[in-house]
Amino acid sequence: SQQGEEDPQALSIQEGENATMNCSYKTSINNLQWYRQNSGRGLVHLILIRSNEREKHSGRLRVTLDTSKKSSSLLITASRAADTASYFCATDNYGQNFVFGPGTRLSVLP
Amino acid sequence: DARVTQTPRHKVTEMGQEVTMRCQPILGHNTVFWYRQTMMQGLELLAYFRNRAPLDDSGMPKDRFSAEMPDATLATLKIQPSEPRDSAVYFCASGLTGNEQFFGPGTRLTVL
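Residues numbered from 1 in each chain as written. Chains lettered and ligands numbered in written order. Predicted model: local features only at pLDDT ≥ 70, side-chain atom pairs only at ≥ 80, totals over all residues. Heavy atoms only, no water.

J.: Sorry if this is basic, but what is going on with the pairing of strand β11 (residues 104–109) of chain A here?
T.: Two faces, one strand: in a regular strand the side chains alternate between the faces of the sheet. All names here are of chain A. Burial along β11 is one-sided: the residues Thr104, Leu106 and Val108 are buried and none of Arg105, Ser107 and Leu109 is. For strand β2 (residues 10–14) and β11, the ladder comprises 5 bridges, and the chain directions are parallel. Pairing of Leu11 across the sheet is with Leu106, part of β11. Sheet analysis places strand β9 (residues 85–92) next to β11, joined by 3 bridges and oriented antiparallel. Residue pairing across strands places Ala85 opposite Leu106, the latter belonging to β11. (Buried < 20%, exposed > 50% of the residue type's maximum accessible area, 1.4 Å probe, protein only. Helix = DSSP H or I, 4+ residues; strand = E, 2+ residues; numbered from the N terminus. Pairing = 2+ DSSP bridges.)

Laid out in structure tokens, this is it:
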């Protein structure tokens, strides 16, 4: 399996609910990043968490990183229909390689 | 509002033709990435430049693909000859080493 795998592959929730997506990776990393992609558009950076950080917040986003388990989670609180998109995690191995996972497709129903 | 620009946005060509995609990274960024995205394979890294030097092009089919940075304001990705299986959306991204990447809008390539 590939570095930076998101789980679940697809998630459907009601507006107002929280959405949690997970990412697992295999090698040591310098940082882990989460991106959003709306259909037919380029990826937009959401949040970056460095290997020496355990949690980071940005607005309604909360990211955790557990380097011992090689995993990260992205929590979107109070979801909105506009949050409907694909979400990707990407690992940066000290600039040597940069790998995206297959993504989680999030649908937020009004 | 600095953005990564890519041209063309759409390209339809016939098998065997040469395709050139261009990217203008954000001024001051020292890393440039080329990715290919398809439904089947997802987002694949094709090439990675730092300070205009190629660091990783292991994801790129060498026999037909080539990536260059003739100067700091231009990155190119060429396919010669193109094949139907090259049909995909090609993204360019730029950034500073160890930080987030800024993606362009992509070039949607269709090879008939």
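J.: Can you help me understand the side chain of Ser94(B) in this one?
T.: All names here are of chain B. Along the chain, the position of Ser94 falls in strand β9 (residues 88–95). A polar contact of 2.7 Å, which involves the side chain of Ser94, links it to the side chain of His29. Excluding residues within four positions of it along the chain, Ser94 makes contact with Val4, Pro25, Ile26, His29, Thr31, Val32, Glu100, Gln101 and Phe102. (Polar contact = N/O pair within 3.5 Å; in protein donor to acceptor, adjacent residues only side chain to side chain. Contact = heavy atoms within 4.5 Å.)

J.: Help me understand the interface of chain A and chain B, please; the structure alone is not making it clear to me.
T.: The parts lose accessible area when they come together, and the size of an interface is often stated as this lost area. Each partner contributes residues to the interface: chain A has 20 residues there, and chain B has 18 residues. Counting the surface lost from both chain A and chain B, the interface buries some 1300 Å², and carbon and sulfur atoms represent 52% of this. Our enumeration of links across chain A and chain B arrives at 6 residue pairs in polar contact (both at pLDDT 80 or more). Counting only elements with at least two residues in the side of chain A that touches chain B, the list comes to β4 (31–37), β5 (43–50), β9 and β10 (98–100) of chain A. Here the residues of the side of chain A that touches chain B are counted per class, giving 7 nonpolar, 10 polar and 3 charged. (Buried area = accessible area lost by both parts, 1.4 Å probe. Nonpolar A, V, L, I, M, F, W, Y, C, P; charged D, E, K, R; others polar.)

J.: What exactly am I supposed to notice about the packing of aromatic side chains here?
T.: Within a pair of aromatic rings, the relevant descriptors are the distance that separates the centres and the angle that separates the planes. Overall, the coordinates contain 9 aromatic pairs over all chains when judged by the stated rule. An aromatic cluster is present here, built from Tyr35(A), Phe88(A), Phe100(A), Phe33(B), Tyr35(B), Tyr48(B), Phe91(B) and Phe103(B) joined pairwise through their rings. (Phe/Tyr/Trp six-rings, centres within 6.5 Å; stacked < 30°, edge-to-face > 60°.)

J.: Is there a simple way to explain the pattern of salt bridges in this structure?
T.: Pairing between side chains of opposite charge can happen when the charged atoms of each approach one another. Residue and element names in this part refer to chain B. Per the counting criterion, the structure on display carries 8 salt bridges over all chains. Note that Glu83 is salt-bridged to Arg64, the shortest N-O span being 3.5 Å. Highlighted residues: Glu83 in the loop between β8 (74–79) and β9 and Arg64 in the loop between β6 (53–56) and β7 (65–71), separated in sequence by 19 residues. Under the relative-accessibility criterion, Glu83 is labelled partly exposed at 22%. (Salt bridge = Lys/Arg side-chain N within 4 Å of Asp/Glu carboxyl O.)

J.: What is the right way to read the layout of surface pockets from this model?
T.: In this approach a probe as big as a water molecule rolls over the atoms, and the regions it shows empty are the leftover space. A volume near 880 Å³ is recorded for the largest pocket. If you trace the largest pocket, you find 36 residues lining it, with Gln37(A), Ser86(A), Gln37(B), Thr38(B) and Met39(B) closest to the centre. Those elements giving two or more residues to the lining of the largest pocket turn out to be β9 and β11 of chain A together with β4 (31–38), β5 (42–50), β9 and β11 (107–111) of chain B. It is β11(A) that contributes the most residues to the lining of the largest pocket, 4 residues altogether. In terms of residue class, the lining of the largest pocket is made up of 12 nonpolar, 20 polar and 4 charged. Leu43(A), Val44(A), Arg3(B), Phe103(B) and Gly104(B) are the residues nearest the centre of the second largest pocket, which is lined by 19 residues in total. Taken together, the residues of the lining of the second largest pocket sort by class into 8 nonpolar, 7 polar and 4 charged. (1 Å grid on protein atoms, 1.4 Å probe; cavity = no way out; pocket = protein on both sides within 12 Å on 5 of 7 lines; lining within 4 Å. Points joined across faces, edges and corners; volume = space filled by probe spheres on them.)

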